[in-house]
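# An overview of the molecular structure
These are the residues of each chain, in order.
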Amino acid sequence: MLLIVGFVIVMAATLGGFMLAGGKPLVLLHLSEFIVIGGISAGVLVIASPIQTLKAIVAKTMEALKGGSSNKTDFLDLLKLLYETFVVARRNGLIALEDHVLEPAKSPLFQKYPSFLNDKERVNFLCNALRPLIDGRIKPEQLEGLMHSEITAKEEEADAPVHILQLIGDSLPGIGIVAAVLGIINTMAAISDGPAAVGEHVAAALTGTFLGILGAYGFINPLTIRIKCNNAANLQYYSSIMKGLAGFANGMAPVMAVEIARRCLDPAVQPEAEELEKMLKALNPSAAK
């Protein structure tokens, strides 16, 4: 939502300042310039992006418009989920987690935390980390390296849309110049039509440059930064799982393993130690089976 508010502020400031100087907004509505700039930008996007990246750009943009997929409540739910998972494993052995891992959608433990269960990637990451530990196919000290490799792959995947959008943002001023040059060509062809026609064509040409620069610095580049911030928050979610699970696998008590997971969070979403302690005391892990 804040992203939309920011876009509205950019448009209001641009058009408001233009109108205060005596300009008329309708003068900026030159369909040909929008077609050139929008069309070339779309073409560059298609040329530079594999189909999966195109889908990711749409998904990441929608996520940014909604405000992001990870908030403080998600992280609090994660810490509570990790604690309950560790307590079950400590009391009944890792084998007690097998049913939860094999059928997470039916797990009464996971069902308590919809923010986790409703995200397939989050569920897969935790279950994929627990599975070899439960089966005894990996040593506890090897677990963090395994999860770190998966996080690195996720980071590279998440960065692909960012790189493409940065390319579009960097290209837009140049694309605006292309639209302006085409407008000047039309202007030269219309000299014989008189000053009024020439003035109209020059205005259209300058609008192309304006749209390219505004699109880059007022919309695409800020959108790219927001997506990078959302990616960082999402990766922090996985890092918290990694640190907590690795700590527990290496012998830490459930409370201390969750404390490790808490400390790797950004201050904006990190609960205070006292807040976390109260949350964990309020849980009833023995009810999880």
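Right above here is the structure, for reference.
Residues numbered from 1 in each chain as written. Predicted model: local features only at pLDDT ≥ 70, side-chain atom pairs only at ≥ 80, totals over all residues. Heavy atoms only, no water.

The next point concerns the pattern of salt bridges. Counted by the stated rule, this structure contains 11 salt bridges. Here glutamate 84 and lysine 112 are joined by a salt bridge, their closest N and O atoms 2.7 Å apart. Of this pair, glutamate 84 sits in helix H4 (residues 72-92) while lysine 112 sits in the loop between helix H6 (108-111) and helix H7 (114-117), and the two are 28 residues apart along the sequence. For lysine 112, a relative accessible area of 43% corresponds to the partly exposed category. Note that aspartate 119 is salt-bridged to arginine 122, the shortest N-O span being 3.6 Å. In this structure, a network of salt bridges that share partners links the residues Asp74, Asp119 and Arg122. (Salt bridge = Lys/Arg side-chain N within 4 Å of Asp/Glu carboxyl O. Helix = DSSP H or I, 4+ residues; strand = E, 2+ residues; numbered from the N terminus. Buried < 20%, exposed > 50% of the residue type's maximum accessible area, 1.4 Å probe, protein only.)

Evaluated as defined, the whole model comprises six aromatic pairs. Between phenylalanine 7 and phenylalanine 219 the ring centres are 5.0 Å apart and the planes differ by 50 degrees, which places this aromatic pair in the tilted class. Residue phenylalanine 7 is located in helix H1 (residues 2-20), and its partner phenylalanine 219 is located in helix H10 (residues 195-249); the two are separated by 212 residues in the primary sequence. Residues phenylalanine 86 and phenylalanine 248 carry aromatic rings whose centres are separated by 4.6 Å and whose planes lie at 5 degrees to one another, so their mutual orientation is stacked. You can see phenylalanine 86 sitting in helix H4 and its partner phenylalanine 248 sitting in helix H10, a full 162 residues away along the chain. Both residues of the pair, phenylalanine 86 and phenylalanine 248, count as buried. Cluster of aromatic residues (ring-pair linked, three or more members): Phe75, Phe125, Tyr237 and Tyr238. Taking NZ or CZ as reference, lysine 154 lies 4.8 Å from the ring centre of tyrosine 238, over its face. (Phe/Tyr/Trp six-rings, centres within 6.5 Å; stacked < 30°, edge-to-face > 60°. Lys NZ or Arg CZ within 6 Å of the ring centre and 35° of its normal.)

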